[in-house]
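The chain contents come next:
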Amino acid sequence: MSRLKVDREGAVVTLTLHRPHVLNALDCALLTELLEILRPLDADPAVGCVVLTGSERAFAAGADIREMADRTAVEMMTKDHFGGWEDFTDLRVPKIAAVNGFALGGGCELAMMCDLVIAGESAVFGQPEITLGVIPGIGGTQRLTRLVGRAKAMDLVLTGRTMDAAEAERAGLVSRVVPDERVLPEALRAAAMIASYGRLAVRAARECVDRALETGLRDGIRHERRLFHALFATEDQKEGMTAFLEKRPPVFRGR
């Protein structure tokens, strides 16, 4: 049975997590299916953005505990459990998380791996792994700290408490908060806007923003400037600036 539903409208692809009986808990089979779908989309120049969403009750309530409970440390290390999720972050296509309900543990980590997080007012975020005798294992301690700062990350990771969408937005984890029924429409609207721009510029912009979390200011600015200069070799740059001067909408072709 498929763990994902796929819908495509123009340059925007929507992937819906579909494991309702376990609140979309993330297991290895879901990751495998997700990557099998996303890799060809990532290579498709006609795809401009991907929206990842769940159900009204849960984006994803965490990793699948049943899959891990009886594993030994040797098994977890030998199979590099969770290691494959970094392949998701390596995909260059922009990804928007449209979050309703619970985004806990692995669900919160998956949302943080996306480029934008658009949340409903009733969404709930957290890293409660400490309550299970473990710690986040899909980058939670690292991404959360970079996004919300040490004080807030320590609070969430050490106490296991959750935060609502309003607090998550104030902390910098969530990009936008909208009424619950507007989450997917708002995400699709943002995705269509991103998809309307030149693919090369969008990917360069993503790379630069991510680099800001991983390097010093001076090196980050140098990297940004190199990509800025490089984009002047593209047809999209010529089209974008010519269209601006001619006061007309640009037609980007990803070249």
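Above this text sits the structure in question.
The structure reproduced in this document is the subject of the present report. Being a predicted model, the structure only gives us computed values, none of them experimental.

Notes on unusual backbone geometry
Note: most peptide bonds trans; most residues except glycine with negative phi.
Item 1. Positive phi outside glycine occurs at asparagine 24, with the angle close to 60°.
Item 2. Look at asparagine 24 and you get buried, because its relative accessible area is 1%.
Item 3. Of note in the backbone geometry, phenylalanine 82 takes a positive phi value of approximately 80° without being a glycine.
Item 4. In this structure, phenylalanine 82 sits in the loop between helix 3 (73–78) and helix 4 (85–90).

Things to note about the pairing of strand 1 (residues 4–9)
Item 1. Sheet topology note: the strand 1/strand 2 (residues 12–17) ladder contains 6 bridges and is antiparallel. Across the sheet, residue valine 6 finds its bridge partner in strand 2, namely leucine 15.
Item 2. The antiparallel hairpin formed by strand 1 and strand 2 contains 2 residues in its connecting segment, where glycine 10 sits at a positive phi of about 65°.

Here we look at helix 12 (residues 235–245)
Item 1. Those residues of helix 12 that sit buried are Asp236, Gln237, Glu239 and Ala243. For helix 12, the angular spread of the buried residues around the axis is 165°, confining them to a single face.
Item 2. Its buried side turned inward, helix 12 meets helix 10 (199–212).
Item 3. Count one or two residues on from helix 12 and you reach lysine 247, which has phi positive near 55°.

Focus: the sheet that holds strand 1
To summarise the sheet geometry, strands pair through backbone hydrogen bonds and adopt either a parallel or an antiparallel arrangement.
Item 1. Pairing within the open sheet is mixed, and its 6 strands lie in the order 1-2-3-5-7-10. Taken across any chain shown, the strands that pair with only one partner, and hence form the sheet edges, are strand 1 and strand 10 (176–178). On average, each strand axis in the sheet is inclined to that of its neighbour by 20°, with strand direction left out of account.
Item 2. Pairing analysis gives 5 bridges linking strand 2 to strand 3 (residues 49–53), with the strands arranged parallel. The residue of strand 3 that forms the bridge with leucine 15 is leucine 52.
Item 3. Relative to strand 1, helix 1 (residues 28–43) is tilted by about 20°, and along the sheet it contacts strand 1, strand 2 and strand 3.

Things to note about the sheet that holds strand 8 (residues 124–126)
Item 1. The 4 strands are arranged 4-6-8-9 in an open sheet whose pairing can be described as mixed. This sheet does not close on itself; its edge strands, each paired only once, are strand 4 (58–60) and strand 9 (162–164). Going across the sheet, the axis of each strand differs from the next one's by a mean of 20°, ignoring polarity.
Item 2. One ladder, built from 2 bridges, connects strand 4 with strand 6 (residues 102–104); its direction is parallel. Bridge pairing in strand 6 places alanine 60 opposite alanine 103.
Item 3. In the packing of helix 5 (residues 106–113) onto the sheet, contacts are made with strand 4, strand 6 and strand 8, and the angle to strand 6 comes to roughly 90°.

Analysis parameters
Residues numbered from 1 in each chain as written. Predicted model: local features only at pLDDT ≥ 70, side-chain atom pairs only at ≥ 80, totals over all residues. Heavy atoms only, no water. Buried < 20%, exposed > 50% of the residue type's maximum accessible area, 1.4 Å probe, protein only. Helix = DSSP H or I, 4+ residues; strand = E, 2+ residues; numbered from the N terminus. Pairing = 2+ DSSP bridges. Arc of directions from axis to C-beta. Contact = heavy atoms within 4.5 Å. Axes fitted to C-alpha atoms, helices over the stretch in contact; angles between N-to-C directions.

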